[in-house]
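Observations on chain architecture
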Amino acid sequence: MIDDLGRDRVFLGLALGILALIFMAIALIGTAVRFRIRNNETSRAWARREQGWDPLILAVLSGSQPDEVIHGLVAPADRFYFIEYLMRYARRLDGPERSLIEKLAAPYLGALVQRIANRDESFRARAIRTIGTLGQEQYRAEIVAALDDSSDLVAMAAARSLTQSGSPELATAVLGKLARFRQWRPSLIASMLARVGPAMAEPLRALMADLSAEAAVRVIAVEALAELSDPLAADEAARLLAGATDRNLVVALLGLVFVAGRAEHLPLVRPLVGSADAPVRARAFATVARLDPAFSAAQIAEVLQDESPWVPIRVVEALESVGARRLVDDINAAARRA
Amino acid sequence: MSELPAELLAEFRLAASRALAELRPLVASPNDGSIAALTRIAHQLKGSGGSYGFGALSKSAGLVEKSLAKELPSRLARMVAELEAIVGDLEPGPAPVAPPPPAPAPTAPVQRSILFGEDDPLIVALVKDRLEREGYVVEHRVNGNDVLAAADEISATLIILDAKLPGLDGFDILARLRQTERHARTPIMLLTALTGPQDAVRAFELGANDYVRKPFSPAELLARIKNLTHDR
């Protein structure tokens, strides 16, 4: 009798538990559906706003409407969305049309600048990226100051923005802060700097030759100079090879001599062919192969017989990257014979 | 009244009928999307009216487009009335001439149609808008295979290709078009986000006439197109 009563209680407890779970599931499904409906409504509302803006933006860009016509259509609550909307155009446009987009964005950027002080680093980074794209001239000081932000993400957004400006003066501000980008791939930072153009070569050369600077920072400068194929930097790089001890710096210096060097640099490169370090050896072999007009079959054999299998692979990759087809064919033919 | 050949007038009448079909419900029951839709239609009428020789219509549509942008919803009724006037202008339309002339008159304007392969809707909108304002007819395709098929069907004055299209890419399309007799000499331009010099070299080696890098200026693009189509 007592057992039956106990079983009934257990059964009742289980049934109530299952009912509670069913109610919770229904509540969760209901909440999900409600959120979905709300998101869809928001998307539709934004799509309607964009449909109103699109023809006018196109008319403004073609010059058939003055840019003022758009401002009456943007409600204060929509200003951040409108800036994001303009970003889509800014990313695709150049020249006078890009300037027009910046002009359209100008009245709304002030509110965005306040977000640079937001506690969330993703908000700050996004604000810097947007201001850097649409209001570089107006908010230059804020963007340069963001290079010192506590977040590396924000500092990188500022660095990208300053190097994309195409202004050597602004990009030089990034050179002074390179140490904080140590954890980023050096080639990425180097490409950003090189994109500014040959006007960057002089400050980059100075940084490369600065023995008091960190090796990691000098590596970025050397890689940027290699992207610029700067012949003056190649002279300095060859000279620096003798005293450089950091492996990454030596490889980077060899890379610069490889792309922009001349045969007269060979005496400074040849000793590194015998380096105990495979990456250094590979880059030195490739540089000698490229610069020495008398690069011989015996030297090719030496490359192929290297104790590290990566050396011949890296040599061929380097030569292919600069279109030295004949040398690559010679090495391939020698490899087949071996 | 336009002095175009009968075929072109018939083509314009077809486009005008489509515009009318879109306009009527908007006029009957204006809604939130009316301004955008009316602006778009007025804009199209301005471009096509000009290129088909209906100067008065083009001018009127241009005024409507401008006033729509300036004097938003409260003045919608007046704008609709103005568009009705355009519709009124269009409806009598020139009567088609049954037998087409045996050969185009030497002075007949050449219809400038452009085939455009691009998969980014915003770039399509930017390019189409700028070119249609100048009276070009833009045929747009998203997929590389569709571009190739359309090149056979449309007599394009010029072809613009994005390098990275789904299906066949721009370089493949360019190579294939240059192998055909029909497009051996058609001006072809690449509009691409590929910025490396080797990509431009490849395009020119395959027979491209021009190479424009994204981000781009629509004004510069238009100037280059006019140069290639001798529309200066």
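Further up the page is the structure itself.
Residues numbered from 1 in each chain as written. Chains lettered and ligands numbered in written order. Predicted model: local features only at pLDDT ≥ 70, side-chain atom pairs only at ≥ 80, totals over all residues. Heavy atoms only, no water.

The subject of this paragraph is the packing of helix H2 (residues 79–92) of chain A against helix H3 (residues 95–113) of chain A. Residue and element names in this part refer to chain A. The N-to-C vectors of H2 and H3 enclose an angle of 155 degrees; their axes lie 9 Å apart at closest approach. By the angle between their axes, H2 is roughly antiparallel relative to H3. When you trace H2 past H3, the crossing you get is left-handed. Facing Arg-79, Phe-80, Phe-82, Ile-83, Leu-86, Tyr-89 and Ala-90 of H2, the residues of H3 in contact are Arg-98, Ile-101, Leu-104, Ala-105, Tyr-108, Leu-109, Ala-111 and Leu-112. (Axes fitted to C-alpha atoms, helices over the stretch in contact; angles between N-to-C directions. Helix = DSSP H or I, 4+ residues; strand = E, 2+ residues; numbered from the N terminus. Parallel < 35°, antiparallel > 145°, perpendicular 65-115°, else oblique. Left-handed = near helix turned anticlockwise from the far one by under 90°. Contact = heavy atoms within 4.5 Å.)

Now for the packing of aromatic side chains. Scanning all chains against the criterion turns up eight aromatic pairs over all chains. Summarising the aromatic geometry, the rings of Phe-204 of chain B and Tyr-211 of chain B are spaced 6.4 Å apart at their centres and angled 45 degrees between planes, so their arrangement reads as tilted. Of the residues examined, Tyr-211 of chain B reaches a relative accessible area of 6% and is grouped as buried. Cluster of aromatic residues (ring-pair linked, three or more members): Trp-46, Trp-53, Tyr-81, Phe-82, Tyr-85, Tyr-89 and Tyr-108 of chain A. Just above the ring of Tyr-136 of chain B sits the side chain of Arg-112 of chain B; from NZ or CZ to the centre is 4.5 Å. The side chain of Arg-202 of chain B reaches across the aromatic face of Phe-171 of chain B, ending 4.1 Å from its centre. (Phe/Tyr/Trp six-rings, centres within 6.5 Å; stacked < 30°, edge-to-face > 60°. Buried < 20%, exposed > 50% of the residue type's maximum accessible area, 1.4 Å probe, protein only. Lys NZ or Arg CZ within 6 Å of the ring centre and 35° of its normal.)

Here we take up the packing of helix H10 (residues 215–228) of chain A against helix H12 (residues 247–260) of chain A. All names here are of chain A. Direction vectors running N to C along H10 and H12 enclose 15 degrees, while the axes themselves pass 9 Å from each other. With respect to each other, H10 and H12 are oriented roughly parallel. Of the two elements, H10 crosses H12, and the hand of that crossing is left-handed. Touching Ala-215, Arg-218, Val-219, Val-222, Glu-223, Leu-225 and Ala-226 of H10 are Asn-248, Leu-249, Ala-252, Leu-253, Gly-255, Leu-256 and Val-259, all from H12. Taken together, the residues that form the contact of H10 with H12 break down as ten nonpolar, two polar and two charged. (Nonpolar A, V, L, I, M, F, W, Y, C, P; charged D, E, K, R; others polar.)

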